[in-house]
Amino acid sequence: DAGVTQSPTHLIKTRGQQVTLRCSPKSGHDTVSWYQQALGQEPQFIFQYYEEEERQRGNFPDRFSGHQFPNYSSELNVNALLLGDSALYLCASRKQGSGNTIYFGEGSWLTVV
Amino acid sequence: AQSVTQLGSHVSVSEGALVLLRCNYSSSVPPYLFWYVQYPNQGLQLLLKYTTGATLVKGINGFEAEFKKSETSFHLTKPSAHMSDAAEYFCAVTNSGSARQLTFGSGTQLTVLP
């Protein structure tokens, strides 16, 4: 039973560029959330997707956008990268109505230079 | 609105000693509470969760936590620390409804001394 998988594990981008991060939820899960964890900080909620729609959004600018596909996998897109976007991006998944157990992936480390 | 406060950003214990990591929550609705562990350069691993029912929750690796509504607390304990327990621990809360957003505490770095 595969857990939450994310790709790539590490990447380096230049200021102003765009990045796409990918997530496959745990088997049987249909809801995906994204979190940003800056170095030394706690994770911060970006947004959640269910049934291919954004259901809730945290306090992040429109430069952060996402998508969920029919197979429940998800992408996080960040445009016009800033140095402050450097962080670990975590994907989490759960199954609606299953008791709210939320599982996280290993994350994608983004460095913006 | 929900929030969690973790008392003590750094906790050090000797190997074999009791581990106690503190978490207090604030929630206007019945909370769902979680403890996650994060090892260096890794993602978050679920240790245990409280949703409803029994207030003493047992998790993986010998950890347990007790939900105390009167004290709005959900402290994490382990009777005997191992060197492998050294990591960052996060307490998190979500509401009992849609569980759309986890709100994390600021984390507690646990050091285990030989």
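Let me begin by describing the structure that accompanies this report. Per-chain numbering applies: the sequence of each chain, read as written, is numbered from 1 onward. To label them, take the chains in the order written and letter them from A, then take the ligands in the order written and number them from 1. Totals for whole chains, interfaces and linings use every residue, but because this is a predicted model, local features are given only for residues with pLDDT of at least 70 and side-chain atom pairs only at 80 or more, for both listing and counting. With hydrogens and water set aside, each side-chain value is computed from the structure's full complement of heavy atoms.

## Considerations on the overall build of chain B
Note on conventions: DSSP H or I runs of at least 4 residues are helices, E runs of at least 2 residues are strands, and numbering of each starts at the N terminus. Helices and strands together make up the secondary structure of chain B, namely zero helices and eleven strands. Overall, chain B shows an N-to-C arrangement of helices and strands of β-β-β-β-β-β-β-β-β-β-β. The size measure is the radius of gyration over C-alpha atoms, and the globule rule it meets is 2.2 Å times the number of residues to the 0.38 power. Its C-alpha radius of gyration of 13 Å places chain B within 12% of the 13 Å reference for a compact globule of 114 residues. Projecting the C-alpha coordinates of chain B onto the three principal axes gives extents of approximately 45 × 30 × 20 Å. Think of it in three bands: residues with accessible area under 20% of the maximum for their type are buried, residues over 50% are exposed, and the middle band is partly exposed, with areas taken using a 1.4 Å probe on protein chains only. The buried share of chain B, taken over its 114 residues, is 44%. Residue contacts follow a heavy-atom distance rule, with two residues in contact if any of their heavy atoms lie within 4.5 Å. Counted over contacts in chain B with a minimum sequence separation of 6, partners at least 24 positions apart contribute 57%.

## Concerning the pattern of salt bridges
Residue and element names in this part refer to chain A. Salt-bridge detection follows one rule: a side-chain nitrogen of Lys or Arg within 4 Å of a carboxyl oxygen of Asp or Glu. Going through the model one piece at a time under the given rule, you end up with six salt bridges over all chains. Where Arg63 meets Asp85, a salt bridge forms, and the shortest distance between an N and an O atom there is 2.9 Å. Of this pair, Arg63 sits in the loop between strand S6 (53-57) and strand S7 (64-68) while Asp85 sits in the loop between strand S8 (74-78) and strand S9 (87-94), and the two are 22 residues apart along the sequence. Of the two residues examined, Arg63 and Asp85, each falls in the buried class.

## Regarding the side chain of B:Ser73
Residues and elements named next belong to chain B. Tracing the chain through its elements places Ser73 in strand S8 (residues 73-78). On the accessibility criterion, Ser73 (2% relative accessible area) is buried. Each residue touching Ser73, except ones within four places of it in the same chain, is listed here: Cys23, Asn24, Tyr25, Glu66, Phe67 and Lys68.

## Considerations on the nonpolar core
Throughout this description, the term nonpolar core refers to a set of buried Ala, Val, Leu, Ile, Met, Phe, Trp, Tyr and Cys residues connected via side-chain atoms within 4.5 Å. Counting 26 residues, the largest nonpolar core has B:Trp35, B:Leu48, B:Leu76 and B:Tyr89 as its most contacted members. For this core, the secondary structure elements donating two or more residues are strand S2 (10-14), strand S3 (19-26), strand S4 (31-38), strand S5 (44-50), strand S7 (64-68), S8, strand S9 (87-95) and strand S11 (108-113) of chain B. Look past the residues within four positions of B:Leu76 in its chain and what remains in contact with it is B:Val19, B:Leu20, B:Leu21, B:Trp35, B:Leu47, B:Leu48, B:Phe63, B:Glu64, B:Ala65 and B:Tyr89. Ranked by size, the runner-up nonpolar core spans 20 residues in total, among them A:Val4, A:Cys23, A:Phe47 and A:Cys91.

## Observations concerning the interface of chain A and chain B
Contacts between chain A and chain B engage 21 residues on the former and 23 residues on the latter. The contact between chain A and chain B buries some 1800 Å² in all, and 50% of this surface belongs to carbon and sulfur atoms. Here the quantity called buried area is the accessible surface, traced with a 1.4 Å probe, that two parts lose on coming together, added over both. Three residues stand out in chain A for area buried against chain B, namely A:Asn100, A:Ile102 and A:Phe104, and they jointly supply 28% of the buried area on that side. We call two N or O atoms a polar contact when they sit within 3.5 Å, provided that within protein one can donate a hydrogen and the other can accept it, with sequence-adjacent residues counted only if both atoms are side-chain atoms. At the boundary of chain A with chain B, the tally comes to six residue pairs in polar contact (both at pLDDT 80 or more). Secondary structure elements with two or more residues in the side of chain A that touches chain B: strand S4 (31-37), strand S5 (44-50), S6 and S9 of chain A.

## Some words on the packing of aromatic side chains
Note on aromatic contacts: the rings of Phe and Tyr and the six-membered ring of Trp form a pair at centre separations within 6.5 Å, being stacked when their planes are under 30 degrees apart, edge-to-face when over 60 apart, and tilted otherwise. Going through the model one piece at a time under the given rule, you end up with 14 aromatic pairs over all chains. Measuring from centroid to centroid gives 6.1 Å for A:Phe104 and B:Phe104, while their planes differ by 65 degrees, and the two rings are edge-to-face. With one member in each of two chains, A:Phe104 in strand S10 (residues 103-104) and B:Phe104 in strand S10 (residues 103-104) form a pair that bridges those chains. With a relative accessible area of 6%, B:Phe104 lands in the buried category. For the ring pair B:Tyr36 and B:Phe104, a centre distance of 6.1 Å and an interplane angle of 50 degrees mean the geometry is tilted. In this pair, B:Tyr36 is assigned in strand S4 and B:Phe104 in strand S10, connecting sequence segments 68 residues apart. Side by side, B:Tyr36 and B:Phe104 carry an identical accessibility label, which is buried. Here the aromatic residues A:Tyr35, A:Phe45, A:Phe104, B:Phe34, B:Tyr36, B:Phe90 and B:Phe104 are joined through ring pairs into a cluster of three or more. We call a charge positioned over a ring when the NZ of a Lys or the CZ of an Arg lies within 6 Å of the ring centre and within 35 degrees of the ring normal. The ring of A:Tyr103 is capped by A:Lys26, whose NZ or CZ atom sits 5.1 Å from the centre of that ring.

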